[in-house]
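What follows is each chain in one-letter form.
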Amino acid sequence: MTITVTGATGQLGRLVVDQLRQRGVDVVAAVRDTTKASGRHADYDKPETLVPAFEGTDRLLFISGSDAGRRLDQHRAVVDAAVKAGVGHIVYTSITRADTSANPLAPEHKATEELIVASGLPYTFLRNNWYFENYTAGLATALQHGVILGAAGEGRVAAATREDFAEGAVAVLTGEGHEGKIYETGGDATMSLNDLAAEVTAQSGTKVEYRDLPADDYAQALIGFGLPEQFARLLAAADASIAAGSLDVPGADLSTLIGRPTTTLADAVAAALKSLKS
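Residues numbered from 1 in each chain as written. Predicted model: local features only at pLDDT ≥ 70, side-chain atom pairs only at ≥ 80, totals over all residues. Heavy atoms only, no water.

Focus: the side chain of Glu184
In step 1: When you line up the elements, Glu184 lands in strand S8 (residues 181-185).
In step 2: A polar contact of 3.0 Å, which involves the side chain of Glu184, links it to the backbone nitrogen of Arg97.
In step 3: Within the structure, Glu184 has its side chain in polar contact with the side chain of Arg127 (distance 3.0 Å).
In step 4: In contact with Glu184, other than residues within four places in its own chain, are Thr96, Arg97, Arg127 and Asp253. (Helix = DSSP H or I, 4+ residues; strand = E, 2+ residues; numbered from the N terminus. Polar contact = N/O pair within 3.5 Å; in protein donor to acceptor, adjacent residues only side chain to side chain. Contact = heavy atoms within 4.5 Å.)

Some details on the pairing of strand S2 (residues 26-31)
In step 1: Most of S2 sits inside the fold, with 5 of its 6 residues counted as buried.
In step 2: Of the pairings in the sheet, the one linking strand S1 (residues 2-5) to S2 comprises 4 bridges and is parallel in character. In the sheet register, Val5 faces S2, and the bridge partner there is Ala29.
In step 3: After leaving S1, the chain enters helix H1 (residues 11-22) and then returns to the sheet as S2, a path that is right-handed. (Buried < 20%, exposed > 50% of the residue type's maximum accessible area, 1.4 Å probe, protein only. Pairing = 2+ DSSP bridges. Right-handed = clockwise from strand over helix to strand, strands pointing away.)

So, the nonpolar core
In step 1: Formed by 29 residues in total, the largest nonpolar core has its most connected members in Val5, Leu12, Val16, Leu20, Leu61, Leu126 and Leu173.
In step 2: Among all residues touching Leu126, those that are not within four sequence positions of it are Val91, Tyr92, Thr93, Ser94, Ala169, Val172, Tyr183, Thr185 and Leu257. (Core = buried A, V, L, I, M, F, W, Y, C linked by side-chain atoms within 4.5 Å.)

Considering the packing of aromatic side chains
In step 1: All told, the structure shown has 5 aromatic pairs when counted by the stated rule.
In step 2: Between Tyr44 and Phe62, the aromatic rings sit 5.9 Å apart at their centres with planes inclined by 90°, giving edge-to-face as the arrangement. Separated by 18 residues along the polypeptide, Tyr44 in the loop between strand S3 (40-41) and helix H2 (50-54) and Phe62 in strand S4 (residues 59-62) bring together distant segments of the chain.
In step 3: With relative accessibility at 13%, the residue Tyr44 sits in the buried group.
In step 4: Taking the relative accessible area as the measure of exposure, Phe62 reaches 0% and is therefore buried.
In step 5: Ring geometry for Tyr92 against Phe125: centres 6.4 Å apart, planes inclined by 85°, an arrangement best described as edge-to-face. Taken together, the residues Tyr92 in strand S5 (residues 90-95) and Phe125 in strand S6 (residues 123-128) connect sequence positions 33 residues apart.
In step 6: With a relative accessible area of 2%, Phe125 lands in the buried category.
In step 7: Three or more aromatic residues joined by ring pairs make a cluster, and in this case those are Tyr44, Phe62, Tyr92, Tyr123 and Phe125. (Phe/Tyr/Trp six-rings, centres within 6.5 Å; stacked < 30°, edge-to-face > 60°.)

Things to note about the environment of Ala268
In step 1: Relative to the helices and strands, Ala268 resides in helix H12 (residues 265-277).
In step 2: According to the relative accessible area criterion, Ala268 is buried, its value standing at 8%.
In step 3: C-alpha of Ala268 to C-alpha of Phe132: the two residues are 136 residues apart in sequence and 6.8 Å apart in space.
In step 4: With residues near it in sequence (within four places) discarded, Ala268 still touches Phe132, Thr136 and Thr263.

Remarks on the sheet that holds S6
In step 1: Reading across from one edge, S3-S2-S1-S4-S5-S6-S8 is the order of the 7 strands in this open sheet, with parallel pairing throughout. Edge positions in the open sheet fall to S3 and S8, since each of these has one partner strand only.
In step 2: Here S6 runs beside S8; their pairing, made up of 5 bridges, is parallel. Bridged to Phe125 within S8 is Ile182.
In step 3: Along the sheet, H1 makes contact with S1, S2, S4 and S5, crossing S1 at roughly 160°. (Axes fitted to C-alpha atoms, helices over the stretch in contact; angles between N-to-C directions.)

Some details on helix H8 (residues 193-204)
In step 1: Over its 12 residues, H8 extends 16 Å from the first C-alpha to the last, a length consistent with the 16 Å expected when each residue adds 1.5 Å.
In step 2: The set of residues buried in H8 consists of Leu193, Leu196, Ala197 and Val200. One side of H8 carries all its buried residues, which in axial view fall inside an arc of 95°.
In step 3: Among the structural elements, helix H5 (133-136), helix H6 (139-145), strand S7 (147-150), strand S9 (209-212), helix H10 (229-243) and H12 are those in contact with the buried residues of H8.
In step 4: Gly205 sits one or two residues past H8 and shows a positive phi near 80°. (Expected span 1.5 Å × (residues − 1). Arc of directions from axis to C-beta.)

Structure representation (structure tokens):
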């Protein structure tokens, strides 16, 4: 069985490829830039690269593109190429409750899911919640200034680590009986940003607080930090959707797939703080 992983040099894709290779699986890394990593050339913006990249693929891990607002055309090209290449099964990384979510990132995922269903190919949707790393990557700044900014209110997130989500994808790619399944993958427990700030404070000994802002003010703050305006406003709108409950979806799908509890907030913070010291 041959498994192809798109976005294989990305943060999630690398983990999946590594885990598959550790299992001795015949894995093809599909990469956008072959000058930076070995593998088959597969650029979502260059449809002509996709069919050759997918030929001979029994199972395809289709990791969603990172260009929010441009993804639907890119994803349509991937699905069309999968059909033409005769891919046996698509596993797509979607978003929590893609079909009903108010998260501004959800519509492109919903539309992609619909394209995959319409293609007639066997499929599995991994509706991934947020990564802990979305937050822990910024802990150095939080510790420096004593504050975590956001617009998520008391909204809760069923976060898990990239490693957790990668293991879930590998379980589906290498297992049986997942065709036609939709998994709401996320952490076993939820957290708020106040919970995050409290955990960072407890483990670091440095007082860190969560400062909740109106979405527009948060967007302006992100713009002030150097983020492009469109991306800043997208992040602020995503936070507002979290405040409304868009990611408050704990469940057992991910832990069942990986055969263990998902990573806890305490362990995720501990790992992040350890990396800051190394």
